[in-house]
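In case you want the letters, here they are:
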Amino acid sequence: MRKVYVDNNATTRVAPEVVEEMLPFFSQDYGNPSSIHFFGGKVAQKMAEAREKVAALLGAEPTEIIFTSCGTESDNAAIFSALENYPNKKQIVTTNVEHHAILNFCKYLKEKGYLVTELSVDQDGQIDLDELRDSITDDTAIVSIMYANNETGVIFPIDEIEKIVKEKGVLFHTDAVQAVGKVPIDLSKRNIDMLSLSGHKLHAPKGIGVLYIKKGTKFSPFIIGGEQEFGKRGGTENVPYIIGLGKACEIASKDLEKEITRIKAMRDRLEKELTEKIPDIVINGGRSNRLPNTLNIGFKYVEGEAILLHLSNVGIAVSTGSACSSGSEEPSHVLKAMGVPASAIHGSIRFSLSRYNNEEDIDYIIEKLPPIIEKLREISPFSKTTMINTK
Ligand code: PLP
């Protein structure tokens, strides 16, 4: 059976070149990069090269790159640092469609007495920029707004957001976990204070992340320990994974524009053909600027889990809008925030492509999905009339 993995916003295949680059650093070049002897020196040199490769992908300086354990740590660390550095400021401004790495940390902070302002989004998944401007006060310690949404692929107008935040003289962090390696980002031309990324979304392993900290930004470490990472993140570095991430960033840098064009063409064909072949569907976030690899479709009158399982049975791996993270049964907070009707949320499926997909994968999905939807609708307990009335 053909296997088609189109769940790359959940995680990606580690590139074979990345694995190869990492392997010597487990049992051959295993020194601690902080050691002064030759074992350490070689490792420190390779780690410095990896830092340069990550910096090059982002248009940053190597000294602005701090390795962390994951995207979640980077997100937590950015907000934590802002609150530590501005102890008199108690407000965090964010949106209600962020990843739980931000939302649940903010929930925790709220319980500790901080004020969290969650900006809402419209049906296209976009925030109101005037509302953003009005929500920033003298009490705001940081604004944290994601670059691109993991479920819908909707890209926020980060340049405009950044302008508003910086005009107010407030720290700006963006969770770019889903954007790095999928769209060009040149931080040398931007005014972003902190940015998070995660290795496993761009063909490096799970368990390695980065927090970019713009030169001159006041920073207090979230993990307090040794002087690693310029004193900004304690703990002996995860050397093989850092080196793997460096390689993944080098690969992404090399042919980013070409891959964006190729992946977007496949995504657009999938969207067009499924729209033509299957009635009663909505493209969630479809009118917004989106990541080139992401397609989130709401199939009315069917359950997303049922679609997912039928697709899985024919070798196609996707995500649903209702169990987007950690097997939760809760309907997607992102689609709910966009006002997507319950009937479409429950039948929402996310396809997310990568450099390892090809046109045959798209053909296969287009062949397999329409009969699955037709069959599920035939046996669906939801008649069209009842579902239309369920908002
Ligand atoms: N932020 C976004 C937008 C994500 O999609 C994810 C992971 O899905 C994270 C943060 C968390 O990254 P990690 O899994 O590396 O902790």
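Residues numbered from 1 in each chain as written. Predicted model: local features only at pLDDT ≥ 70, side-chain atom pairs only at ≥ 80, totals over all residues. Heavy atoms only, no water.

Caption draft 1: Focus on the site of the ligand. Near the ligand you find 13 residues, and of these Gly71, Thr72, Asp175, Ser198 and Lys201 are the closest. Taking aspartate 175, its side chain carries an N or O atom lying 2.6 Å from a nitrogen atom of the ligand. Histidine 200 is positioned with one of its side-chain polar atoms (N or O) 2.9 Å from an oxygen atom of the ligand. Look at the ligand: alone it shows 390 Å² of surface, and the protein chains cover 88% of it. With three residues, helix α4 (residues 71–85) is the largest single contributor of residues to the shell around the ligand. Partitioning the shell around the ligand into residue classes produces three nonpolar, seven polar and three charged. (Near = heavy atom within 4 Å. Polar contact = N/O pair within 3.5 Å; in protein donor to acceptor, adjacent residues only side chain to side chain. Areas by Shrake-Rupley, 256 points an atom, 1.4 Å probe, with all protein chains shown as cover. Helix = DSSP H or I, 4+ residues; strand = E, 2+ residues; numbered from the N terminus. Nonpolar A, V, L, I, M, F, W, Y, C, P; charged D, E, K, R; others polar.)

Caption draft 2: Quick look at the pattern of salt bridges. Using the criterion set out here, one finds 24 salt bridges in the structure. Among the salt bridges present, the one from arginine 287 reaches aspartate 124, with a minimum N-O distance of 3.0 Å. Of this pair, arginine 287 sits in the loop between β9 (281–283) and β10 (294–299) while aspartate 124 sits in the loop between β4 (115–119) and α6 (129–135), placing them 163 residues apart in sequence. Across the pair arginine 290 and glutamate 271 runs a salt bridge, and its minimum N-O distance is 3.0 Å. Taken together, the positions of arginine 290 in the loop between β9 and β10 and glutamate 271 in helix α9 (residues 256–277) put the pair 19 residues apart, joining distant regions of the chain. Given a relative accessible area of 16%, glutamate 271 falls into the buried group. Within the structure, one salt-bridge network assembled from shared partners comprises Arg269, Glu273, Lys277, Glu359 and Asp363. (Salt bridge = Lys/Arg side-chain N within 4 Å of Asp/Glu carboxyl O. Buried < 20%, exposed > 50% of the residue type's maximum accessible area, 1.4 Å probe, protein only.)

Caption draft 3: Quick look at the sheet that holds strand β7 (residues 194–198). Read from one edge to the other, the open sheet built from seven strands follows the order β2-β8-β7-β6-β5-β3-β4, with strand pairing classed as mixed. Two strands bound the open sheet, and with one partner strand each, they are β2 (65–68) and β4. Going from strand to strand, the sheet's axes swing by 20 degrees on average, the running direction of each strand aside. As judged from the four bridges shared by β2 and strand β8 (residues 209–213), these two strands associate in the antiparallel manner. (Pairing = 2+ DSSP bridges. Axes fitted to C-alpha atoms, helices over the stretch in contact; angles between N-to-C directions.)

Caption draft 4: Structural detail: the pairing of β4. Relative to β4, strand β3 (residues 91–95) runs parallel, the two sharing five bridges. In the strand pairing of β4, glutamine 91 is matched with leucine 115. Tracing the backbone out of β3, into helix α5 (residues 100–111) and back to the parallel element β4 gives a crossover that is right-handed. (Right-handed = clockwise from strand over helix to strand, strands pointing away.)

Caption draft 5: Structural view of the packing of aromatic side chains. Enumeration over the complete set of coordinates arrives at five aromatic pairs. When the ring of phenylalanine 80 is compared with that of phenylalanine 222, the centres are 5.2 Å apart and the planes differ by 65 degrees; the resulting orientation is edge-to-face. You can see phenylalanine 80 sitting in helix α4 and its partner phenylalanine 222 sitting in the loop between β8 and α8 (239–254), a full 142 residues away along the chain. Pairwise contacts between aromatic rings join Phe80, Phe105, Tyr108 and Phe222 into one cluster. The ring of tyrosine 356 carries the charged tip of arginine 13 above its face, separated from the ring centre by 4.4 Å. Positioned above the aromatic ring of tyrosine 86 is the side chain of lysine 218, whose terminal nitrogen or guanidinium carbon lies 5.1 Å from the ring centre. (Phe/Tyr/Trp six-rings, centres within 6.5 Å; stacked < 30°, edge-to-face > 60°. Lys NZ or Arg CZ within 6 Å of the ring centre and 35° of its normal.)

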